[in-house]
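# Results of the structural survey
Here is how the chains run, residue by residue.
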Amino acid sequence: ALYYADKLIQLSTKENHLPEALGYICKGEALDRVASYPEALEAAFQGLEIARALNSHRSFVMGRAYSLIGHVYHMTGNNKEAVGYFHTALGLLEASHEHSEDLCLARFSMSFTMLSTGNTDSALYYVRKAKSMYANPLNQRDPGPWLCLIAGEIYRVGKNYDSAEY
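Residues numbered from 1 in each chain as written. Predicted model: local features only at pLDDT ≥ 70, side-chain atom pairs only at ≥ 80, totals over all residues. Heavy atoms only, no water.

## Notes on the side chain of Ser12
Along the chain, Ser12 turns up in the loop between α1 (2-11) and α2 (18-33). Taking relative accessible area as the criterion, Ser12 reaches 18% and is therefore assigned buried. Only 3.5 Å separates the side chain of Ser12 from the side chain of Glu20, close enough to count as a polar contact. Those residues in contact with Ser12 that lie beyond four places of it in its chain are His17, Pro19 and Glu20. (Helix = DSSP H or I, 4+ residues; strand = E, 2+ residues; numbered from the N terminus. Buried < 20%, exposed > 50% of the residue type's maximum accessible area, 1.4 Å probe, protein only. Polar contact = N/O pair within 3.5 Å; in protein donor to acceptor, adjacent residues only side chain to side chain. Contact = heavy atoms within 4.5 Å.)

## As for α2
The end-to-end C-alpha distance of α2, which contains 16 residues, comes to 23 Å, matching closely the 22 Å that a straight helix rising 1.5 Å per residue would cover. Against the buried residues of α2 lie α1, α3 (37-51) and α4 (58-75). In the segment just after α2, Ala35 is the residue with positive phi, at about 60°. (Expected span 1.5 Å × (residues − 1).)

## Details of the pattern of salt bridges
For side chains of opposite charge, pairing can occur when their charged atoms come near one another. In the structure shown here, the tally under the stated rule is 6 salt bridges. Where Asp6 meets Lys27, a salt bridge forms, and the shortest distance between an N and an O atom there is 3.0 Å. Linking Asp6 in helix α1 with Lys27 in helix α2, this pair joins segments that are 21 residues apart in sequence. Across the pair Arg33 and Asp32 runs a salt bridge whose closest N-O atoms are separated by 2.5 Å. Assessed through its relative accessible area of 6%, Asp32 is described here as buried. Shared partners join several salt bridges into a network, and the residues in it are Glu29, Arg64 and Asp102. (Salt bridge = Lys/Arg side-chain N within 4 Å of Asp/Glu carboxyl O.)

## What about the packing of α2 against α3?
In the contact formed by α2 and α3, the axes pass within 8 Å of each other and the chain directions differ by 165°. Put simply, α2 runs roughly antiparallel to α3. Where α2 crosses over α3, the handedness of that crossing is left-handed. Every residue of α3 that contacts α2 at Glu20, Ala21, Tyr24, Ile25, Lys27, Gly28, Leu31 and Asp32 is listed here: Tyr37, Glu39, Ala40, Ala43, Ala44, Gln46, Gly47, Ile50 and Ala51. When grouped by side-chain class, the residues that make up the contact of α2 with α3 number 10 nonpolar, 3 polar and 4 charged. (Axes fitted to C-alpha atoms, helices over the stretch in contact; angles between N-to-C directions. Parallel < 35°, antiparallel > 145°, perpendicular 65-115°, else oblique. Left-handed = near helix turned anticlockwise from the far one by under 90°. Nonpolar A, V, L, I, M, F, W, Y, C, P; charged D, E, K, R; others polar.)

Structure follows, in structure tokens:
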């Protein structure tokens with residue numbers, strides 16, 4: 001993944017920085033998967049900085065970068081920072097009307113972060129918002145198992161077993 005992310009970055013031109021921004025975000029995602037969190041944050045912030053200057057797809061690409069930054073902060077235990085970045089990501093991804101699967105993933109990530117902070121009502125709110133997108137035929141990722149997992153955990157934490165979805 002790092003190889004292809006670097007290729008995307010190299011494909012950028014002076015007229016079109018979209019591949020560069022997406023390349024840094026993809027690089028950050030790849031680094032996150034191997035727990036290289038400082039490097040993942042650095043790549044995400046580079047992608048965000050480039051995305052701010054885009055003429056097209058700005059909201060979507062910035063939303064992806066903010067979501068990745070929120071995720072990395074959550075993974076490193078900085079949930080307060082994570083929540084702020086996820087809130088920004090959600091607003092940008094909703095406004096972009098592009099790639100609903102990224103908005104679904106950001107809502108799921110926000111739900112997981114809210115659960116980690118003990119805010120089970122908020123966690124349930126975001127997981128329900130994410131689940132409502134699951135039926136969208138344009139959603140190209142299958143978040144179903146993850147959404148069921150987090151919903152079950154929310155109900156378990158709240159000892160509300162009768163409401164759990166089986």
